[in-house]
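Overview (structure and organization)
Residues per chain are reported as follows:
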Amino acid sequence: MSVKANEAASKKARAALVKSLDPQNRGDSDLLDRFDRWGSDLISGLAEVYDIQTALPMVIDVLIACHANRDESLRARDRKRVLEPDWFQKADTIGYVAYTDLFNKDLAGLQSRIDYLKKLKVTYLHLMPILEPRPGANDGGYAVMNYRALRPDLGTMKQLREVADELHDAGISLTLDLVLNHVAEEHEWAEKARMGDKKYQEYFYTYPDRTVPDQYEKSLPEVFPDFAPGNFTYDKKLKAWVWTTFNSYQWDVNWANPAVFSEFADIIGNLANHGVDCLRLDAIAFIWKRMGTQCQGEPEVHAITQAIRAFARILAPALIFKAEAIVGPAQVGAYLGEGDRAGKLSDLAYHNSLMVQIWSSIAAKDAKLLEFTLSRFKAIPSNTAWGTYLRCHDDIGWAIDDSDAHHVGLNGHEHRMFLADYFTGKFWGSGSRGADFQMDKASGERRTSGTAASLTGIEQFLDDKNKPEVDKAIARYLCAYTMVFGFGGIPLLYMGDEIGLFNDYDYLKDKAKADDSRWLNRPAMNWAHADEAAAGKKPTSVHTRIRKGMQNLIDVRSRLASLHAGVATRAVAGRGQGVVIFERLNPAGNLTQIYNLGEGVRWVGREELPNLNWKVVDHLTGNEFELGEGINMSQYQSLWLQSK
Ligand code: GLC
């Protein structure tokens, strides 16, 4: 599409906006300003994928309608965020991720626990899938049947709005999932398609026979090879094969259709107008299909994200996006924007490699692979940040790149097998209680499920009444989390990890869950332990000890301006095996972090710490000391050092 055509479309769109707005109204004139600022990103993104004359008027109509429904308090929030665009990059941004029902039954239960989150110093809350899913198996809520209602047992949309307000008053922002690659097969679009409605059939990828699916399958990987083999499902009513990348009941939507874009723009507007501050773009990599490819991360994915991000910036600048793209170092940067798109796409992206490398270094007691893998990351736009985490609601895929492994003298396949063995306790002495998730039949490689406390061995050693190993495992756990909190970006604490919740084996009793071991790492909150731990009761219990360590970490992190996400971390392997050094050069103060994941005491020489003066302070303990020739680090010790 030519520049001229885009300009003409833009002029028309602006005229439509002016016509529907009242120049005397502040919110309206703000919207127009934002269109003038971000409209070109919207239009160029749309024009890369759609016929702009068709797509833009549809999107502008949605924009006008959603703007009219945006209430004054949210418009005020928009203005605040425009003045403080780095709100989510600040060091005191502490993330917490929870399933509403597992946290405290429902939204009312959550409301009664906002104070708990506030005391923990959480400022960013991600409520796991909460929109109405299909009944029965629903992939942990990622098979949404209705984007305009909540799961009935959790609450109502009206209540969601109240919860958002209460969270905002407590200084906490709200993140929800936006599942945009697929909808549940019970969603009304799918139902209408089944009834023969052509309009809605074009919302999906449907094929009368296997000819085209078979061609695609040649290059498509399988996401759930065990319980959902293949990428297409035959639907009897539709009399056609439907694209289903994930489970057979999750129908991929056709983003090549501009009507799908404007439907989702409207869904985004509606969620933003309920006070949502951040949308997690679930499985975003998958939304564009191209024959002969793996259909992940195609250029159109980024053009669409650019357009949808610009739409949100114009409508609701209080809203940010987080990309869920579990891809390698070379690909992930594209989701935060590279080249002309730098800083125009998602504001946040998960740092999957950091997570995998922390676990890998713990198992291998070596940091060379971590150093090499992290060195391959390009710089990210200065207005974006990583979401760092030790574990989430999903399995851990052992995303070790073959060539990275080779570079440090490892065999990629063998290392991935080793990690899967290690964290499922097959490796002697690991104490890990993970479970296998999905096996690649050709290679035998598996992914791993389990909570952080169970993967680090705390659960096993506690059962064994092996006190020295419990102590060591807690130190390992806290050291790993200290890396997550020290790396920069929003640290995402998975619900219950502030007290080290163990695996939940009950999922095996539930038919809808039994074949999905990811439920192992989704235990319900244990409030007896959580309250005790928060009050510092039973000081020798594992939960209280973990909470104490985590709270210190959160407190220290919140105060350290040099952890602002605007600067990058450089990860270096120390000379001592298993030593990791994170260097953060920030005009607000350089910070050198040292972690010992090795076996036993490790020496870190002064010459390995070029950014420190003779006298230093360790922020984690408040201790000041002289560096001298270097430092002896005990096993799993962490230091966050700054020159005095
Ligand atoms: C994301 C979610 C995962 C889900 C998948 C399909 O990867 O994290 O839980 O199974 O998307 O929606």
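In this convention, every chain numbers its residues from 1, walking through the sequence in written order. Per-residue local features of the predicted model are confined to residues with pLDDT of at least 70, and side-chain atom pairs are confined, for both listing and counting, to 80 or more; whole-chain, interface and lining totals are unaffected and use all residues. Here the side-chain values reflect all heavy atoms present in the structure, with hydrogen atoms and water set aside.

Section: the overall build of the protein
In this description a helix means any DSSP run of H or I spanning at least four residues, a strand means any run of E spanning at least two, and both kinds are numbered starting from the N terminus. The helix and strand inventory of the protein stands at 23 helices and 25 strands. For the protein, the C-alpha radius of gyration of 25 Å lies close to 26 Å, the compact-globule estimate for 644 residues. Along the three orthogonal principal directions, the C-alpha set of the protein runs to about 70 × 55 × 50 Å. When each of the 644 residues of the protein is scored for burial, the buried share is 62%. Contacts between residues were defined by any pair of non-hydrogen atoms, one from each residue, lying within 4.5 Å. Contacts spanning at least 24 positions in sequence make up 70% of the contacts within the protein whose residues lie at least 6 apart. Here the globule rule reads 2.2 Å times residues to the power 0.38, and the radius of gyration is calculated from C-alpha atoms. Burial status follows relative accessibility: with a 1.4 Å probe on protein chains alone, a residue under 20% of its type maximum counts as buried, one over 50% as exposed, and anything between as partly exposed.

Focus on the site of the ligand
A single heavy atom is enough: if one lies within 4 Å of a molecule or strand, its residue is considered near that molecule or strand. Taken together, D139, Y142, H182, F224, F246, Q250, R280, D282, E324, H393, D394 and R518 make up the full set of residues near the ligand. Whenever a nitrogen or oxygen atom comes within 3.5 Å of another N or O atom, the pair is scored as a polar contact, on the condition that within protein one atom can donate a hydrogen and the other can accept it, and that pairs from neighbouring residues in sequence are kept only if both atoms are in side chains. Contacts to the ligand include D139, whose side-chain N or O atom sits 2.7 Å from an oxygen atom. In the environment of the ligand, an oxygen atom lies 2.5 Å from a nitrogen or oxygen atom belonging to the side chain of D394. For every accessible area listed, the method is Shrake-Rupley and the probe measures 1.4 Å; residues are considered covered only by the protein chains on display. Burial of the ligand by the protein chains amounts to 95% of its free accessible area of 310 Å². In the shell around the ligand, the residues fall into 3 nonpolar, 3 polar and 6 charged. Three categories are distinguished: nonpolar for Ala, Val, Leu, Ile, Met, Phe, Trp, Tyr, Cys and Pro, charged for Asp, Glu, Lys and Arg, and polar for the others, with Gly belonging to the last.

Points about the side chain of D516
Looking at the secondary structure, you find D516 in the loop between β17 (490-494) and α22 (527-534). Of the residues examined, D516 reaches a relative accessible area of 6% and is grouped as buried.

Considerations on the sheet that holds strand β2 (residues 124-127)
Across a sheet, strands are paired by hydrogen bonds formed along the backbone, either parallel or antiparallel in direction. The strand order β1-β2-β5-β11-β12-β13-β14-β17 describes a closed barrel built from 8 strands, whose pairing is parallel. Direction aside, neighbouring strands of the sheet carry axes that sit 25 degrees apart on average. Here the rule is simple: two strands pair whenever DSSP picks up at least two bridges between them. Pairing analysis gives 4 bridges linking strand β11 (residues 278-282) to strand β12 (residues 320-323), with the strands arranged parallel. Bridge pairing in β12 links L279 to F321. Comment: axis = line fitted to C-alpha atoms, over the contacting stretch for helices; angle = value between 0 and 180 degrees taken between N-to-C directions.

Here's the deal with unusual backbone geometry
In the Ramachandran plot, C295 falls in the positive-phi region, its phi being about 55 degrees despite a non-glycine side chain. Examined against the element boundaries, C295 turns out to sit in the loop between β11 and α13 (299-315). Phi at K538 is positive, roughly 45 degrees, even though this residue is not glycine.

A look at the domain arrangement of the protein
Domain extents, as shown, originate in an automatic or database domain assignment. With domains assigned, the protein is organised as domain 1 (181-254) and domain 2 (570-643). Spacing between the C-alpha centres of domain 1 and domain 2 amounts to 52 Å.

Considerations on the sheet that holds strand β9 (residues 240-243)
Taken together, 3 strands build an open sheet; the order of strands is β7-β9-β8 and the sheet is antiparallel. Edge strands, defined here as strands with exactly one partner in the open sheet, are β7 (206-207) and β8 (232-235). Looking at chain direction, β8 and β9 are connected through 4 bridges and run antiparallel. Each residue of the ladder has a partner; that of F232, found in β9, is W243.

Brief notes about the side chain of D277
By the element assignment, D277 lies in the loop between α12 (258-272) and β11. Take D277: its relative accessible area is 1%, and that puts it in the buried class. In this structure the side chain of D277 is engaged in a polar contact, spanning 3.1 Å, whose partner is the side chain of R81. When sequence neighbours within four positions are dropped, the list of residues in contact with D277 reads R77, R81, W87, H168, S173, L174, A318, L319 and I320.

Comments concerning the packing of aromatic side chains
For any pair of aromatic rings, geometry is given as the distance between the ring centres together with the angle between the planes. Any pair of Phe, Tyr and Trp rings, taking the six-membered ring for Trp, is counted once the centres come within 6.5 Å. Such a pair is stacked with planes under 30 degrees apart, edge-to-face with planes over 60 apart, and tilted for the rest. For the structure shown, the criterion picks out 37 aromatic pairs. Plain terms: the ring middles of W189 and Y203 are 5.2 Å apart, the flat faces sit at 75 degrees to each other, and that makes the pair edge-to-face. Note that W189 is positioned in helix α9 (residues 188-194) and Y203 in the loop between α10 (198-201) and β7, a separation of 14 residues in sequence. As far as the burial class goes, W189 and Y203 line up, both buried. Aromatic side chains W359 and F423 sit 5.2 Å apart centroid to centroid with 75 degrees between the ring planes, which places their arrangement in the edge-to-face category. Placement of the pair is W359 in helix α15 (residues 352-364) and F423 in the loop between α18 (412-422) and β15 (435-439), with a sequence separation of 64 residues. Of the residues examined, F423 reaches a relative accessible area of 1% and is grouped as buried. Grouping aromatic residues by their ring pairs yields a cluster made of Y50, Y147, W189, Y200, Y203, W255, F261 and F264. Here the basic side chain of R81 rests over the ring of W87, its NZ or CZ set 3.6 Å away from the ring centre. Definition used: whenever NZ (Lys) or CZ (Arg) falls within 6 Å of the ring centre and also within 35 degrees of the ring normal, the charge is taken to sit over that ring.

Observations regarding the pattern of salt bridges
The term salt bridge refers to a side-chain nitrogen of Lys or Arg lying within 4 Å of a carboxyl oxygen of Asp or Glu. Following the criterion strictly, the structure yields 62 salt bridges and no others. A salt bridge links D471 to R545; the shortest N-O distance between them is 3.0 Å. Of this pair, D471 sits in helix α21 (residues 467-486) while R545 sits in helix α23 (residues 542-559), and the two are 74 residues apart along the sequence. For D471, a relative accessible area of 26% corresponds to the partly exposed category. Judged by its relative accessible area of 28%, R545 is partly exposed. Through salt bridges with shared partners, a single ionic network connects R134, E185, E186, E191, R194 and D235.

Focus on helix α4 (residues 72-83)
Between its first and last C-alpha atoms α4 spans 17 Å; for 12 residues at 1.5 Å apiece the expected length is 16 Å, and the two agree. Taken residue by residue, α4 has L74, R75, R77, D78, R79 and R81 as its buried positions. Multiplying 1.5 Å by the residue count of a helix minus one yields the expected span of that helix.

Things to note about the pairing of strand β20 (residues 591-596)
With 6 of 6 residues buried, β20 lies mostly within the body of the structure. Direction of pairing for strand β19 (residues 579-584) relative to β20: antiparallel, over a ladder of 6 bridges. For E583, the partnering residue across the bridge sits in β20 and is T592. Taking the residues that link successive antiparallel strands as the turn, the β19-β20 hairpin has 6 residues, and the phi of G589 there is positive, at about 135 degrees. As paired strands, β20 and strand β25 (residues 638-643) are joined by 4 bridges and run antiparallel to one another.

Notes on the packing of α22 against α23
Two numbers describe how α22 lies on α23: the axes approach to 8 Å, and their chain directions differ by 55 degrees. As summarised for this structure, α22 and α23 are arranged oblique, according to the angle between their axes. Crossing geometry of α22 relative to α23 is assigned as right-handed. Judged by residue contacts, H529, E532, A533 and A534 of α22 engage H543, T544 and R547 from α23. Of the residues that constitute the contact of α22 with α23, the class distribution is 2 nonpolar, 3 polar and 2 charged. Any angle that falls under 35 degrees is termed roughly parallel, while one over 145 is termed roughly antiparallel, one within 65 to 115 roughly perpendicular, and all others oblique. Crossing handedness: left-handed means the near helix sits turned counterclockwise from the far one by under a right angle, and right-handed means the same turn made clockwise.

A few points about α22
Regarding α22, the residues found buried are W527, A530 and A533. Each buried residue of α22 sits inside an arc of 135 degrees when the element is viewed along its axis, so together they form one side. Packing partners of the buried residues in α22 comprise α5 (100-104), α7 (114-120) and α23. For α22, the N-terminal capping position is held by N526, with its side-chain oxygen 3.2 Å away from the main-chain nitrogen of A528. Picture the helix axis, draw a direction to every C-beta atom, and the arc is the one those directions span.

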